[in-house]
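Residue-level listing of the chains:
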Amino acid sequence: MPTRVLLEGRPGVGKTTAIRRLAALLHGRDIVGFTTEEIRQGGARVGFALETAAGHRAVLAHVGFPGPPKVGRYGVDLGVMDRLALPALMAASADPVPGQLVLIDELGRMELASASFREAVRSVFEAGVDVVATIHARSHPFTDALKRRADTELIAVTRANRHSLPDRLAARLEYR
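Because the structure is predicted, anything quoted here is derived from the model rather than measured. (Residues numbered from 1 in each chain as written. Predicted model: local features only at pLDDT ≥ 70, side-chain atom pairs only at ≥ 80, totals over all residues. Heavy atoms only, no water.)

**A short note on the overall build of the protein**
- A tally of helices and strands in the protein yields six helices and nine strands.
- Its C-alpha atoms give the protein a radius of gyration of 15 Å, within 12% of the compact-globule value 16 Å for 176 residues.
- By its C-alpha atoms, the protein is 45 × 35 × 30 Å across when sized along the principal axes.
- Restricting the contact set of the protein to residue pairs at least 6 apart, pairs at least 24 apart contribute 67%.
- Separation of charge centres in the protein, based on 24 positive and 19 negative side chains, amounts to 7 Å. (Helix = DSSP H or I, 4+ residues; strand = E, 2+ residues; numbered from the N terminus. Rg over C-alpha atoms; globule rule 2.2 N^0.38 Å. Contact = heavy atoms within 4.5 Å. Lys, Arg positive; Asp, Glu negative; His and termini not counted. Charge placed at Lys NZ, Arg CZ, Asp CG, Glu CD.)

**A few points about the packing of aromatic side chains**
- One pass over the full model with this rule turns up two aromatic pairs.
- Between F34 and F117, the ring centres sit 5.9 Å apart and the planes meet at 65°, which makes this aromatic pair edge-to-face. One end of the pair, F34, is in strand β2 (residues 30-41); the other, F117, is in helix α4 (residues 115-126), with 83 residues separating them in the sequence. Each of the two residues, F34 as well as F117, counts as buried.
- Measuring from centroid to centroid gives 5.3 Å for F48 and Y74, while their planes differ by 75°, and the two rings are edge-to-face. On the criterion of sequence distance, the pair formed by F48 in strand β3 (residues 44-52) and Y74 in strand β6 (residues 74-76) is long-range, its members being 26 residues apart. (Phe/Tyr/Trp six-rings, centres within 6.5 Å; stacked < 30°, edge-to-face > 60°. Buried < 20%, exposed > 50% of the residue type's maximum accessible area, 1.4 Å probe, protein only.)

**Some points on the layout of surface pockets**
- Estimated volume of the largest pocket: approximately 860 Å³.
- Along the walls of the largest pocket sit 28 residues, with P11, K15, R45, F48 and E106 positioned nearest its centre.
- Among the elements of the structure, α1 (15-25), β2, β3, β7 (100-107), α3 (109-112) and β8 (130-136) are those that each provide at least two residues to the lining of the largest pocket.
- Residues of the lining of the largest pocket, tallied by class, amount to seven nonpolar, 10 polar and 11 charged. (1 Å grid on protein atoms, 1.4 Å probe; cavity = no way out; pocket = protein on both sides within 12 Å on 5 of 7 lines; lining within 4 Å. Points joined across faces, edges and corners; volume = space filled by probe spheres on them. Nonpolar A, V, L, I, M, F, W, Y, C, P; charged D, E, K, R; others polar.)

**Considerations on the sheet that holds β7**
- One open sheet accounts for nine strands, arranged β5-β6-β4-β3-β2-β7-β8-β1-β9; its pairing is mixed. Each edge of the open sheet is held by one strand with a lone partner, namely β5 (70-71) and β9 (153-156).
- Pairing geometry for β5 and β6, over two bridges, is antiparallel. Note on β6: the bridge partner recorded for K70 is G75. (Pairing = 2+ DSSP bridges.)

**Structural notes on helix α6 (residues 165-173)**
- Turning to α6, its buried residues number three or more, namely L165, P166, L169, A170 and L173. Within α6, the buried residues cover an arc of 125° as seen down the axis, which keeps them to one side.
- Buried-residue contacts for α6 involve β1 (4-9), α1, β8 and β9. (Arc of directions from axis to C-beta.)

**As for the environment of A92**
- Tracing the backbone through its elements, the reader meets A92 in helix α2 (residues 78-94).
- A92 sits in the buried class, given a relative accessible area of 1%.
- Measuring from C-alpha to C-alpha, the distance between A92 and D130 comes to 9.7 Å, with 38 residues separating the pair along the chain.
- Once residues lying within four places of it in the same chain are set aside, the contact partners of A92 are V32, Q100, V102, A127 and V129.

**Some points on the pattern of salt bridges**
- All told, the structure shown has 14 salt bridges when counted by the stated rule.
- E38 is paired through a salt bridge with R40; the nearest N and O atoms lie 2.9 Å apart.
- A salt bridge links K147 to D144, with the nearest nitrogen and oxygen atoms 3.9 Å apart. Placement of the pair is K147 and D144 together in helix α5 (residues 141-148), with a separation of three residues, close to one helical turn.
- Among the ionic contacts, a cluster of salt bridges with common partners joins R4, E126, R149 and D151. (Salt bridge = Lys/Arg side-chain N within 4 Å of Asp/Glu carboxyl O.)

Dropping the structure here:
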């Protein structure tokens, strides 16, 4: 049975750091998916970039983007999701490869604004592939449904466990 893990936590707790560290530890896995990171200018957060496991990068959201959609003060470029995030997720769900691991950072309001992304995530969770995804702590119908799945483990990321969590998960997920 595939492993499906949701890493849940408040903003800034270290979810992205944990999932990136996990990816670095898993040398024997074919990793697909993406991570996000803040874009800062002069110490202020002005946006978010998306980077695929294959190294492709683009600005997902920025205070200078007009939207729609808008999430808080950020306009979101849903085309980035379609061009960068979706192809790997759709391929992983359509034709699961032994040893492949899908990493998704994150299932948050910006990403979930894309209906095609939600459908791709739904397909990945139905496929015979291992998945680790970070998830926001606030309620959302889509993520609430994922949390209720019997085959999905929900792990709270906290300041106390964020450093040890990647090592523990890597030990479980290392492909043999």
